[in-house]
Amino acid sequence: MKAILDSLKARLGGLAPRHAVILGSGLGSLVEALNDPVRIPYRDLPGFPQSAVSGHAGEFVGGTLSGVPVLMMSGRIHYYEKGNAAAMRLPLEVLKALGIEVLILTNAAGSVRDDMPPGSVMQITDHINFSGENPLIGEESDARFTGMTNAYDPDLAVAMRSAAERTGTPLHQGVYMWFSGPSFETPAEIRMSRILGADAVGMSTVPEVIIARFLGLKVAAASVVTNFGAGMTGNEITHAETKEMAPIGGKRLATILKDMLASEGQRHG
Ligand code: HPA
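Residues numbered from 1 in each chain as written. Predicted model: local features only at pLDDT ≥ 70, side-chain atom pairs only at ≥ 80, totals over all residues. Heavy atoms only, no water.

Draft legend 1. Examining empty space enclosed by the protein more closely. Evaluated as defined, the whole model comprises two cavities of 30 Å³ or more. Its boundaries defined by the atoms lining it, the largest cavity holds a volume of some 60 Å³. The space that makes up the second largest cavity amounts to roughly 30 Å³. Residue lining of the second largest cavity: L30, A33, L65, M72, A254, L257 and K258, and that is the complete set. For the lining of the second largest cavity, the element with the highest residue contribution is helix 7 (residues 239-268), accounting for three residues. Taken together, the residues of the lining of the second largest cavity break down into six nonpolar, no polar and one charged. (1 Å grid on protein atoms, 1.4 Å probe; cavity = no way out; pocket = protein on both sides within 12 Å on 5 of 7 lines; lining within 4 Å. Points joined across faces, edges and corners; volume = space filled by probe spheres on them. Helix = DSSP H or I, 4+ residues; strand = E, 2+ residues; numbered from the N terminus. Nonpolar A, V, L, I, M, F, W, Y, C, P; charged D, E, K, R; others polar.)

Now the structure itself:
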């Protein structure tokens, strides 16, 4: 971890971000909003876990947004790649050691709500861990009993909603349910998720939120809806569709995040 941290710091030069953003499938174009970008591919950091999922670039990109230093992770490893729910623990520990205090997670997701079509952006207000997995299994300190009541930081949630209002960008709110993937859900599972209180379903984010809270990072998260859940239309769901549709809602999400980070930076200096 020290070697990774040292080379990341060296490559970032004087940039000392407090905010990090993890970009989901097809959302890599959000890095284009960064000024003076510095790209650091994960493969340049020995021992850093790399995602082999298409649609994920696999690099850190540091830069500024409205003058606020931000570190983005374009691509992340998923539980379904190796069956390791704690796969993102090292990357998040690196962020914490680098001085990151606020983690903004984004993902591509399926909507289970008729009134939230593809292209929508949904602020994640809470989650349901439906995978039966937990990234803190095996952790031996008492910190493993991490509280999840305010996992999605209430102040950051307000900041995200305010940014959406200021920019006139529609923003839904809802509960994200984590399915392990990598197969998509069945129509019965989508009906179940709706009955259980989900608004969107996906294959990421929940383990990262658990690890981030364990590490004491503040969390905000948003989904970009790429499709209706299985069975809600006549169509089969595909990864190609996810990659094709993500940039549409991704533009809206970029507008919200730019404004949110600018005003966060002003507030905290
Ligand atoms: N289900 C799970 N993950 C997803 C979906 C979906 O419908 N769309 C994009 N990621």
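From this point, the narrative continues.
Draft legend 2. Representation of the packing of helix 3 (residues 89-98) against helix 6 (residues 206-215). For the pair helix 3 and helix 6, the least separation of the axes is 10 Å and the interaxial angle reads 40 degrees. Here helix 3 is positioned oblique relative to helix 6, judged by the angle of their axes. Considering how the two elements wind past one another, helix 3 and helix 6 form a crossing that is right-handed. In contact with R89, L92, E93 and K96 of helix 3, helix 6 contributes E208, I211, A212, F214 and L215. Here the contact of helix 3 with helix 6 is composed, by residue class, of five nonpolar, no polar and four charged. (Axes fitted to C-alpha atoms, helices over the stretch in contact; angles between N-to-C directions. Parallel < 35°, antiparallel > 145°, perpendicular 65-115°, else oblique. Left-handed = near helix turned anticlockwise from the far one by under 90°. Contact = heavy atoms within 4.5 Å.)

Draft legend 3. Molecular detail of the site of the ligand. Close contacts around the ligand come from A108, A109, G110, F184, E185, V201, G202, M203, T226, N227 and T242, and that covers them all. The backbone of A108 places a nitrogen or oxygen atom 3.3 Å from a nitrogen atom of the ligand. In this structure, a nitrogen atom belonging to the ligand sits 2.7 Å away from a side-chain N or O atom of E185. One can see that the ligand is located within the largest pocket. For the shell around the ligand, the elements supplying multiple residues, two or more each, are strand 5 (102-111), strand 8 (200-202) and strand 9 (218-228). (Near = heavy atom within 4 Å. Polar contact = N/O pair within 3.5 Å; in protein donor to acceptor, adjacent residues only side chain to side chain. Sits in = over half its atoms within 2 Å of the grid points.)

Draft legend 4. A look at helix 1 (residues 2-12). Among the residues making up helix 1, those that are buried are I4, L5, L8 and L12. Seen from one end, helix 1 has its buried residues packed into an arc of 95 degrees, which puts them on one side. The exposed set on the far side of helix 1, more than 90 degrees from its buried face, consists of K2, A3 and A10. The secondary structure elements touched by the buried residues of helix 1 are strand 2 (35-41), strand 3 (59-65), strand 4 (68-74) and helix 3. At the C-terminal side of helix 1, G13 shows a positive phi close to 60 degrees. (Buried < 20%, exposed > 50% of the residue type's maximum accessible area, 1.4 Å probe, protein only. Arc of directions from axis to C-beta.)

Draft legend 5. Region of interest: the packing of aromatic side chains. Within the structure shown, the criterion is met by five aromatic pairs. Consider the rings of Y79 and W178, whose centres lie 5.7 Å apart with planes at 85 degrees: the pair is edge-to-face. Of this pair, Y79 sits in helix 2 (residues 79-82) while W178 sits in strand 7 (residues 172-178), and the two are 99 residues apart along the sequence. For Y79, a relative accessible area of 17% translates into the label buried. Of the residues examined, W178 reaches a relative accessible area of 0% and is grouped as buried. Among the aromatic residues, those joined into a ring-pair cluster are Y42, F48 and F60. (Phe/Tyr/Trp six-rings, centres within 6.5 Å; stacked < 30°, edge-to-face > 60°.)

All we've got here are geometric facts, nothing functional implied.
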